[in-house]
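A closer look at the structure
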Amino acid sequence: MNDEYFMAQALELAKQAQSAGEVPVGAVVVKEGAIIGRGYNQPISRHDPTAHAEIVALRDAAQHIGNYRLVGCELFVTLEPCPMCAGAIMHARIARVVYGAPDPKTGACGSVVDLFSDAKLNHHTRVTSGILADHAAQLLQQFFSERRRII
């Protein structure tokens, strides 16, 4: 299985978020070629500002393996992580983040800031970007376009 396969799984989760009225972002945590954590955006439904797709997936993976340190794992997410999520990714010791669409407003992997390359921080996660970016961006554009029509 390759990056596109796992990103496609994250995109399916993003569609679940969209169906629930949440911003369509999905994420999976992968260890040794197997998905061990899944998540999609749920801050509205959970009344929880930290319930971003990445955090939900990290929590699911940590429960799965019984440890908050997800050493050797990769996180696939449809949208570039924000600073909050980047911090959680670092604390979890994720080896690599793969994201789809860039986030020019809050992206913490280079769009606004690049927390993973800051030499002062103690963990440095590798980042791969642009995997199925068009699909991820299309979901987001469609969601916000529909929201603007409602308002």
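Summary of the structure given here. Just so you know, these numbers come straight off a predicted model, no measurement behind them.

**So, the pattern of salt bridges**
Under the counting rule described, the total for this entry stands at four salt bridges. Put simply, K15 and E12 hold a salt bridge, and the shortest N to O gap is 3.2 Å. Residue K15 and its partner E12 are both found in helix α1 (residues 3-19); the two are separated by three residues, about one turn of the helix. The shortest N-O distance in the salt bridge between R59 and D48 comes to 3.8 Å. Of this pair, R59 sits in helix α3 (residues 53-65) while D48 sits in the loop between α2 (43-46) and α3; the two residues are 11 residues apart in sequence, bridging distant segments of the chain.

**Here's the deal with the packing of aromatic side chains**
Here a ring pair, both rings aromatic, is described through the centre-centre distance and the interplanar angle of the planes. On inspection of all chains with the given rule, the structure shows three aromatic pairs. Plain terms: the ring middles of F6 and F76 are 5.3 Å apart, the flat faces sit at 40° to each other, and that makes the pair tilted. Placement of F6 in helix α1 and of F76 in strand β3 (residues 73-79) is noted, with a sequence separation of 70 residues between them. For the pair shown, F6 and F76 are each scored as buried.

**With respect to the sheet that holds strand β4 (residues 96-101)**
If you walk across this open sheet you meet the five strands as β2-β1-β3-β4-β5, and the pairing is mixed. Every interior strand has two partners, whereas the edge strands, β2 (34-40) and β5 (126-129), have only one. Neighbour-to-neighbour, the strand axes of this sheet turn through a mean angle of 20°, independent of strand direction. Pairing of strand β1 (residues 26-31) with β2 involves six bridges; the strand directions are antiparallel. From the neighbouring strand, V29 faces β2, where its bridge partner is G37. On the sheet, α1 packs against β1, β2, β3, β4 and β5 and is oriented at approximately 145° with respect to β1.

**Looking at the packing of α3 against helix α4 (residues 83-92)**
Where α3 meets α4, the closest approach of the two axes is 9 Å, and the angle between their N-to-C directions is 20°. With respect to each other, α3 and α4 are oriented roughly parallel. Of the two possible hands of crossing, α3 and α4 adopt the one that is left-handed. Packed against α3, whose contacting residues are E54, I55 and L58, the element α4 presents M84, C85, A88, I89 and A92 at the interface.

Parameters and conventions
- Residues numbered from 1 in each chain as written.
- Predicted model: local features only at pLDDT ≥ 70, side-chain atom pairs only at ≥ 80, totals over all residues.
- Heavy atoms only, no water.
- Salt bridge = Lys/Arg side-chain N within 4 Å of Asp/Glu carboxyl O.
- Helix = DSSP H or I, 4+ residues; strand = E, 2+ residues; numbered from the N terminus.
- Phe/Tyr/Trp six-rings, centres within 6.5 Å; stacked < 30°, edge-to-face > 60°.
- Buried < 20%, exposed > 50% of the residue type's maximum accessible area, 1.4 Å probe, protein only.
- Pairing = 2+ DSSP bridges.
- Axes fitted to C-alpha atoms, helices over the stretch in contact; angles between N-to-C directions.
- Contact = heavy atoms within 4.5 Å.
- Parallel < 35°, antiparallel > 145°, perpendicular 65-115°, else oblique.
- Left-handed = near helix turned anticlockwise from the far one by under 90°.

In short, geometric facts, not functional conclusions.
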